[in-house]
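Analysis of the macromolecular model
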Amino acid sequence: MKNIRIALLVCFLLICTGVFAEGAGTYSANDPARTVIGVVQTYKITDNDTLLDAARLFGIGFNAITEANPKVDPWIPEEGITITVPTQWIVPEILDDGILVNLAEMRLYYFFMFDGHRFLKTYPIGIGREGFNTPEGVFRITGKVEDPVWRPTKRMREETPDLDPLVPPGPDNPLGDYWLQLSIPSYGIHGTNKPYSVGRRISSGCIRLYPEDIEELFEYARVRTPVKIINEPIKAAIHEDAVYIEIHPNGLSGEELAAKALKQLSGKDLFRYVNQQLLKSAIDNPTGLPTKISR
């Protein structure tokens with residue numbers, strides 16, 4: 001069943017010349033030089049919409065929708081306005097196979113091979129809050145659990161004394177319906193019973209996905225799948241013969257972002273093509289979107 005589903009998905013992907021569906025997050029990754037995926041979209045706010053509703057509809061997190069629309073109230077946006085939907089990304093790194101997590105942008109990239117071609121799917125994530133940072137490094141998936149039981153740690157129960165020592169599967173379980181165990185004790189990739197937490201630094205270090213996204217990733221990912229976790233706030237690439245940069249401030253100052261941008265652009269031999277004013281503007285007003293900075 002899994003192979004049939006992947007085959008159908010890939011066939012449709014090829015028909016659509018590189019993009020499965022805007023917002024669905026499946027793209028061709030066969031060309032390592034082509035690292036800008038997706039297209040920016042727009043959405044008209046209707047009655048009772050919040051930015052979180054729009055974010056989930058398009059497969060993005062709270063951080064992405066608010067960075068792209070800084071002047072819009074995320075909870076009570078004005079009815080009838082058109083917002084930017086940031087469904088375009090610079091892929092931080094192309095993997096042959098496995099999961100790449102970029103903490104700075106709170107996004108996960110899953111690479112897989114099918115019939116000799118490389119594809120990727122991408123999902124928004126929630127990560128560890130301050131003091132409980134999600135660890136960086138190279139790990140592996142060591143186990144898969146459907147309907148996991150949540151066992152709060154001693155610290156959690158001391159902070160919240162009314163927590164039960166075991167929380168069974170169901171709507172009160174913060175792990176959601178699926179758990180992918182990482183090769184580091186107590187850390188995993190899982191669902192959530194609080195979808196609004198995706199795109200936020202809110203967990204105790206684990207990586208959480210929307211319920212519909214973890215269900216899909218759980219089906220595709222296998223035990224021993226490599227998981228690389230990085231924290232890269234600056235991404236740069238050539239797209240349509242121009243230099244683009246994508247910035248996720250991640251609490252860094254303008255000076256720190258400028259230093260990281262210089263390192264990123266110089267490392268890819270792109271700095272000589274950059275318009276300094278456009279680069280400064282991108283750093284001063286980050287949107288989380290790929291931004292053209294060519295001369």
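Refer to the structure printed above.
Let me begin by describing the structure that accompanies this report. Because the structure is a prediction, the values reported are computed rather than measured.

About the thresholds
- Sequence order sets the numbering: in each chain, residues are counted from 1 along the sequence as written.
- Local features in this predicted model are restricted to residues whose pLDDT is 70 or higher, and side-chain atom pairs enter the listing and the counts only when it is 80 or higher, whereas totals over whole chains, interfaces and linings include all residues.
- Side-chain calculation: all heavy atoms of the structure are included, whereas hydrogens and water are not.
- Think of it this way: any DSSP run of H or I at least four residues long counts as a helix, any run of E at least two long counts as a strand, and we number them from the N terminus.
- Computation of the radius of gyration draws on C-alpha atoms alone. For the globule rule, the value is 2.2 Å times the number of residues to the power 0.38.
- Contacts are residue-level and defined by heavy atoms, with any inter-residue pair within 4.5 Å sufficient.
- Per-residue and other accessible areas were derived by the Shrake-Rupley procedure at a 1.4 Å probe size, with only the shown protein chains allowed to occlude residues.
- When charges are tallied, Lys and Arg are placed among the positive residues and Asp and Glu among the negative ones, while His and the ends of the chain are skipped.
- Charge placement uses NZ in Lys and CZ in Arg. For Asp and Glu, CG and CD serve respectively.
- Note: two strands are recorded as paired if DSSP finds a minimum of 2 bridges between them.
- Think of it in three bands: residues with accessible area under 20% of the maximum for their type are buried, residues over 50% are exposed, and the middle band is partly exposed, with areas taken using a 1.4 Å probe on protein chains only.
- A carboxyl oxygen of Asp or Glu within 4 Å of a side-chain nitrogen of Lys or Arg is what we treat as a salt bridge.

Turning next to the overall build of the protein. Looking only at helices and strands, the protein has seven helices and 18 strands in total. A compact globule built from 295 residues should have a C-alpha radius of gyration of about 19 Å, and the protein, at 19 Å, falls within 12% of that. When the backbone C-alpha atoms are referred to their principal axes, the protein occupies close to 60 × 45 × 40 Å. Once local pairs closer than 6 in sequence are excluded, the contacts in the protein between residues at least 24 apart make up 62%. Taken as a whole, the protein presents about 14,400 Å² of accessible surface, with 53% of it coming from carbon and sulfur. For the protein, the centre of its 31 positive side-chain charges and the centre of its 37 negative side-chain charges are spaced 5 Å apart.

Okay, the sheet that holds strand β10 (residues 137-146) next. With mixed pairing, the nine strands of this open sheet are ordered in space as β1-β8-β7-β6-β15-β10-β11-β12-β14. Strands at the two margins of the open sheet, each flanked by one partner only, are β1 (26-28) and β14 (207-208).

Considering the arrangement of structural elements, one finds G176 in the loop between α4 (154-159) and β11 (178-182). Under the relative-accessibility criterion, G176 is labelled buried at 10%. Here the alpha-carbon distance between G176 and P211, two residues 35 residues apart in the chain, equals 6.8 Å.

It is worth spelling out the pairing of strand β4 (residues 82-85) at this point. Because side chains alternate across β4, one face comprises the buried residues I83 and V85, and the other comprises T82 and T84, none of which is buried. The pairing of strand β3 (residues 41-44) with β4 spans four bridges and is antiparallel. When the bridges of β4 are listed, Y43 appears paired with I83.

Along any regular strand the residues' side chains alternate between the sheet's two faces. Judged from the four bridges that link them, strand β6 (residues 98-102) and strand β15 (residues 226-230) form a sheet pairing that is parallel. Each bridged residue has a counterpart across the sheet, and for L100 the counterpart in β15 is K228. Two strands pair when backbone bridges link them, and β10 and β15 are joined in this way by four bridges, in the antiparallel orientation. By the bridge assignment, V138 is partnered in β15 with K228.

In the structure shown here, the tally under the stated rule is nine salt bridges. The shortest N-O distance in the salt bridge between E216 and K121 comes to 3.0 Å. Separated by 95 residues along the polypeptide, E216 in helix α5 (residues 211-220) and K121 in strand β8 (residues 117-124) bring together distant segments of the chain. The exposure class of E216 is buried, given its relative accessible area of 15%. A relative accessible area of 1% places K121 in the buried class. Across the pair R272 and D269 runs a salt bridge, and its minimum N-O distance is 2.8 Å.

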